[in-house]
Amino acid sequence: MFVDKKPAVCVIGLGYIGLPTAATIARAECPVIGIDVSEKVVETINRGEIHIEEVDLDALVQAVVRRGTLKASTEMQAADVFVIAVPTPFEHDGNHTPDTSYVMAAAKEVAGVLKAGDTIILESTSPVGTTEAMRDLLADLRPDLRMPGADQDKPDVAIAYCPERVLPGRILEELTHNDRSIGGITPRCARKALAFYKRFVKGACITTDARSAEMTKLVENAYRDVNIAFANELSMVSDAMGLDVWEVIRLANRHPRVNILQPGPGVGGHCIAVDPWFIVNGAPEQSRLIRTGREVNVGKTHHVIEKARQLIAENEGVPVGCLGLAFKANIDDFRESPALEVAASLAREFGERIRIVEPYAAELPIEFTDTGAALIDIDTALETCGVLIVLVDHDLFKVVPAEERNHAAIYDTRGIWPDAQEKPGRPGLRLAS
Ligand code: SAJ
């Protein structure tokens, strides 16, 4: 732990990453100002409340706001360290071109208050070269300050890239304990950023250059995407060959060097379904496997929709329970969720026959407007639905015993009810993948 003066920190973007990061830094007793464009978000945080769901975040934000170490504002403020955690979506060009305009807009704001001695850290997932582009923008806007780079031995400011790699649902835990890659524009920049992260990170902090750190983040998520694509492809192959994919994976994973992931209705969330495209965009000719992995995972969602449609059509007039809308188990995050895409597509086609069970939703999302679909609880679904389609492996669904569900025709896209298949003579049907 450092004994020098605590730096004043400005965290720009108070979303799923920025807010937990700001609160964690504030817990380390650095005074933190969080900046967000939304008045509503700023007011919520200044009341000590939160606008997103994340385990233990409410208590932490309440504590640091009460203590006065975390404040939120819509106005950029001077600080010693700036942490940029704004979104990097795609352009609306249909080509998955990364849109770094939020990063550049944040950097422009920072330029207005920047002074010699400050450190700027980009945490947003970004295409390779973004940190350098941000440096170039700052150099243009602040010619009075020496920026780090090839011809600047003693720059006035430090600029680094340090990606977040936390798992939704475990953000606070992982923010503190995960290892971090810290990529400086120069080694000196990396050292300054390292000194900052050491204040609140207990995992190893490994320094590198900015471009390698940018690529590392993209590679981590592309690696997972390709591995999930392998599992999803296997599920479709098994389907075509009349095999139970869960059984095949279970057996293959007993090999000491095989660890196949789980098939599902596709890949959701704002990271794994997005980041691989940043690599494809950077080197389209060389990234065939990564592109194909994306296509396989998107194709799996269409495969699930098609199989679900067939099952529903075979069970004419029977109410259908779609279990889950979230992009993964036990969270309330529906962003880019394949479960939501499947359920909404079925609701548009089959209307009021479709009943949705989602313990993490108070009401049905906008995608279900005017479809006639209804939100019901799991008990009602088990009592009234003759078709059950498992889309999310929420704990609440996993614990449903066979005798409560086996009257129904079941399509279990997550493999949470393996015993469903082992009941000979039951009226229900289990489709394996
Ligand atoms: N999924 C499967 N089968 C599996 C594992 C996941 O179908 O075996 C699906 C999930 O259901 C979900 C999607 O993949 O729809 C993504 O879920 P996830 O748990 O793999 O990842 P995220 O999106 O919650 O978080 C990822 C993490 N990256 C990696 O594990 C490499 C996290 O560490 C990153 O910080 C996060 O992306 C991010 O912000 O980039």
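Bear in mind that the values here come from a model prediction, so they are computed numbers and not experimental data.

> Lay out the overall build of the chain with the relevant residues and their values.
A tally of helices and strands in the chain yields 15 helices and 14 strands. Computed over C-alpha atoms, the radius of gyration of the chain comes to 24 Å, within 12% of the 22 Å expected from 2.2 N^0.38 for 433 residues, which places it in the range of a compact globule. If one aligns the C-alpha atoms of the chain with their principal axes, the spans along those axes are about 80 × 50 × 40 Å. Residue pairs in contact within the chain that sit at least 24 positions apart in sequence constitute 67% of those at least 6 positions apart. The chain carries 46 positive and 63 negative side-chain charges, and their two centres are separated by 7 Å.

> Go over the sheet that holds strand E4 (residues 81-84) with me, naming the residues and quoting the values.
In any sheet, the strands associate via hydrogen bonds between backbone groups, in a parallel or an antiparallel arrangement. Sheet architecture is open: eight strands sit in the order E3-E2-E1-E4-E5-E6-E7-E8, paired in mixed fashion. Two strands in the sheet have a free side with no partner beyond their single neighbour: strand E3 (70-73) and strand E8 (205-209). Sheet twist, expressed as the average angle between the axes of neighbouring strands with direction ignored, equals 25°. Pairing between strand E1 (residues 9-12) and E4: four bridges, direction parallel. Counted as the bridge partner of Val-9 is Val-81 from E4.

> Now, about a nonpolar patch on the surface: what can you tell me, with residues and values included?
A surface patch of nonpolar side chains, amounting to about 330 Å² of accessible area, comprises Val-237, Met-241, Leu-243 and Val-248. With respect to the helices and strands, Met-241 occurs in helix H8 (residues 210-241). Using a relative accessible area of 57% as the deciding quantity, one classes Met-241 as exposed.

> Give me a negative patch on the surface: which residues, what numbers.
A surface patch of negative charge is lined by Asp-377, Asp-379, Glu-383, Glu-403 and Glu-404. Of all the elements in the fold, those that place two or more residues in the negative patch are helix H13 (378-384) and helix H15 (402-405).

> Let's hear about the environment of Leu-289: which residues, and what values?
Within the secondary structure, Leu-289 is located in helix H11 (residues 288-314). Leu-289 sits 54 residues away from Ser-235 along the chain, and the two C-alpha atoms are 18 Å apart.

> Which residues make up the site of the ligand, and what are the values?
Taken together, 20 residues surround the ligand, and among them Val-166, Lys-217, Arg-224, Gln-262 and Phe-327 come closest. Contacts to the ligand include Glu-164, whose side-chain N or O atom sits 2.9 Å from an oxygen atom. Arg-165 is positioned such that a nitrogen or oxygen atom in its backbone is 2.9 Å from an oxygen atom of the ligand. A class-by-class count of the residues in the shell around the ligand yields nine nonpolar, four polar and seven charged. Taken together, domain 1 (9-203) and domain 2 (244-431) each give at least three residues to the shell around the ligand, which thus spans both.

> Outline helix H3 (residues 57-67), listing residues and values.
Each α-helix winds once per 3.6 residues, and so residues spaced three or four apart point in a common direction. Looking at H3, one finds that the buried residues are Leu-57, Leu-60, Val-61, Val-64 and Val-65. Down the axis of H3, the buried side of the element spans an arc of 125°, and every buried residue falls inside it. Within two residues after H3, Gly-68 carries a phi angle of roughly 85°, on the positive side.

> Can you break down unusual backbone geometry residue by residue, with the values?
At Asp-56, a position not held by glycine, the phi torsion is positive, near 70°. Mapped onto the elements, Asp-56 comes out in the loop between helix H2 (39-46) and H3. Of the residues examined, Asp-56 reaches a relative accessible area of 54% and is grouped as exposed. Phi angles above zero are rare outside glycine, and Glu-336 is one such case at about 50°. Following the sequence through the fold, Glu-336 ends up in the loop between strand E9 (320-323) and helix H12 (338-350).

> Got a sec to walk through the environment of Met-215? Specific residues and values, please.
Structurally, Met-215 is set in helix H8. Judged by its relative accessible area of 33%, Met-215 falls in the partly exposed class. Residues Met-215 and Pro-31, 184 residues apart in the sequence, show an inter-C-alpha distance of 31 Å. For Met-215, the residues in contact, after removing those within four places along its chain, are Val-128 and Ile-279.

> Can you lay out helix H9 (residues 245-252) for me, pointing to particular residues and giving the numbers?
Where H9 is concerned, the buried positions are Val-245, Trp-246 and Ile-249. Axial view of H9: buried residues confined to an arc of 100°, hence all on one face. Between a side-chain oxygen at the N-terminus of H9 and the backbone nitrogen of Trp-246 the separation is 3.0 Å; the capping residue is Asp-244.

What counts, and at which threshold
Residues numbered from 1 in each chain as written. Predicted model: local features only at pLDDT ≥ 70, side-chain atom pairs only at ≥ 80, totals over all residues. Heavy atoms only, no water. Helix = DSSP H or I, 4+ residues; strand = E, 2+ residues; numbered from the N terminus. Rg over C-alpha atoms; globule rule 2.2 N^0.38 Å. Contact = heavy atoms within 4.5 Å. Lys, Arg positive; Asp, Glu negative; His and termini not counted. Charge placed at Lys NZ, Arg CZ, Asp CG, Glu CD. Pairing = 2+ DSSP bridges. Axes fitted to C-alpha atoms, helices over the stretch in contact; angles between N-to-C directions. Patch = residues over 30% accessible without salt bridge, like charges linked within 9 Å, V, L, I, M, F, W, Y side chains within 5 Å. Areas by Shrake-Rupley, 256 points an atom, 1.4 Å probe, with all protein chains shown as cover. Salt bridge = Lys/Arg side-chain N within 4 Å of Asp/Glu carboxyl O. Buried < 20%, exposed > 50% of the residue type's maximum accessible area, 1.4 Å probe, protein only. Near = heavy atom within 4 Å. Polar contact = N/O pair within 3.5 Å; in protein donor to acceptor, adjacent residues only side chain to side chain. Nonpolar A, V, L, I, M, F, W, Y, C, P; charged D, E, K, R; others polar. Domains from an automatic or database assignment. Arc of directions from axis to C-beta.

No statement about biological role is implied by the geometric values presented.
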